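The chain contents come next:
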Amino acid sequence: MKNAIIVLLDHYADWEPGYLTGILNQKKDWTVKYASNQAISHSIGGLMTKVDYQLSELSSLNQIDLLVLVGGKSWTLENRALYQIVRKQLTGGLPLAAICGSVDYLARSGFLNDYRHTGNAQYLWKTYQNYHNQNGFVKTQAFRDKNLVTANGTAALDFTELALDLIGEGEKAAKQEVDLYRLGFYDYCRKYGNPF
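Attention here is on the structure that accompanies the text.

Calculation rules
- Residues numbered from 1 in each chain as written.
- Predicted model: local features only at pLDDT ≥ 70, side-chain atom pairs only at ≥ 80, totals over all residues.
- Heavy atoms only, no water.
- Helix = DSSP H or I, 4+ residues; strand = E, 2+ residues; numbered from the N terminus.
- Contact = heavy atoms within 4.5 Å.
- Salt bridge = Lys/Arg side-chain N within 4 Å of Asp/Glu carboxyl O.
- Pairing = 2+ DSSP bridges.
- Axes fitted to C-alpha atoms, helices over the stretch in contact; angles between N-to-C directions.
- Core = buried A, V, L, I, M, F, W, Y, C linked by side-chain atoms within 4.5 Å.
- Buried < 20%, exposed > 50% of the residue type's maximum accessible area, 1.4 Å probe, protein only.

Within the secondary structure, Val51 is located in the loop between β4 (48–50) and β5 (53–54). C-alpha separation for the pair Val51 and Ser41, spaced 10 residues apart in sequence, amounts to 7.4 Å. In this view, Val51 contacts Tyr34, Ala35, Ser36, Gln38, Ala39 and Ser41; residues no more than four positions away in its chain are not counted.

Right, let's get into the pattern of salt bridges. Across all of its chains, the model carries 10 salt bridges by this definition. With a shortest N-O distance of 3.3 Å, Lys27 and Glu177 are connected by a salt bridge. Residue Lys27 is found in the loop between α1 (18–25) and β2 (30–36), and its partner Glu177 is found in helix α5 (residues 171–183); the two are separated by 150 residues along the sequence. Lys175 is paired through a salt bridge with Asp179; the nearest N and O atoms lie 3.2 Å apart. Of this pair, Lys175 and Asp179 both sit in helix α5, 4 residues apart, which is roughly one turn of the helix. Three or more residues are tied together by salt bridges with common partners; here these are Asp158, Glu161, Lys175, Asp179, Arg182 and Lys191.

Before going further, it helps to spend a moment on the sheet that holds β5. An order of β5-β2-β1-β6-β7-β9-β8 is seen for the 7 strands of this open sheet, with the pairing classed as mixed. A strand with exactly one partner marks an edge of an open sheet, and here the two such strands are β5 and β8 (142–145). For strand β1 (residues 2–7) and strand β6 (residues 66–69), the ladder comprises 4 bridges, and the chain directions are parallel. By the bridge assignment, Ala4 is partnered in β6 with Leu66. Sitting on the sheet, helix α2 (residues 80–91) touches β1, β6, β7 (96–99) and β9 (148–151), and the angle it makes with β6 is about 130°.

Our focus in this paragraph is the nonpolar core. Nonpolar side chains tend to gather and get buried jointly when the protein is soluble and globular. Counting residues in hydrophobic clusters, the biggest one holds 30 residues, and the most contacted among them are Leu67, Leu69, Leu82, Val86, Leu96 and Leu106. When contributions to this core are tallied by element, the ones reaching two or more residues are β1, β6, α2, β7 and α3 (101–108). Leaving out residues up to four positions away in the same chain, Leu106 has contacts with Leu69, Val86, Leu96, Ala98, Phe111, Leu112 and Leu148.

Keep in mind these values describe shape, not function.
In structure tokens:
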């Protein structure tokens, strides 16, 4: 069984992970669990999520098959356990997908220096002393390089598609899964047939 760990800090952007977690949770070979630095995280939209793991507990997991960092308003966080798990994921070549404010965190922490990437806006990172990859920024909704997907906060569907491809769904299959939401049911049926 493969595991996806979704990091939700307080004031997380609840619209960003919904498509990805919904798709993964319906797969027989995946489990989806949530982690934070507190027992309950509140979303910008008012949802309360009781998490499965504290960030400090993630290091005890043998492997994280997909680590997802969800954007929001709390990514100025300084947390050693989070830094270590992100570093382990990236240096180990394991899949990591980050969207919105969590990409800002990756830039500030120096994790984007060896990856082509996107994010909300590169000018926000001018004061980040550990960010040294200005030429690696790609002006697009979502971008995949090696084992990392990055996206801006308006790219939930593109983010989902690239994350599914990242974990081995394949580009064509990932696009078709996301097209159900991108096109809507009737246009999807015309293009691919009825999925149900």
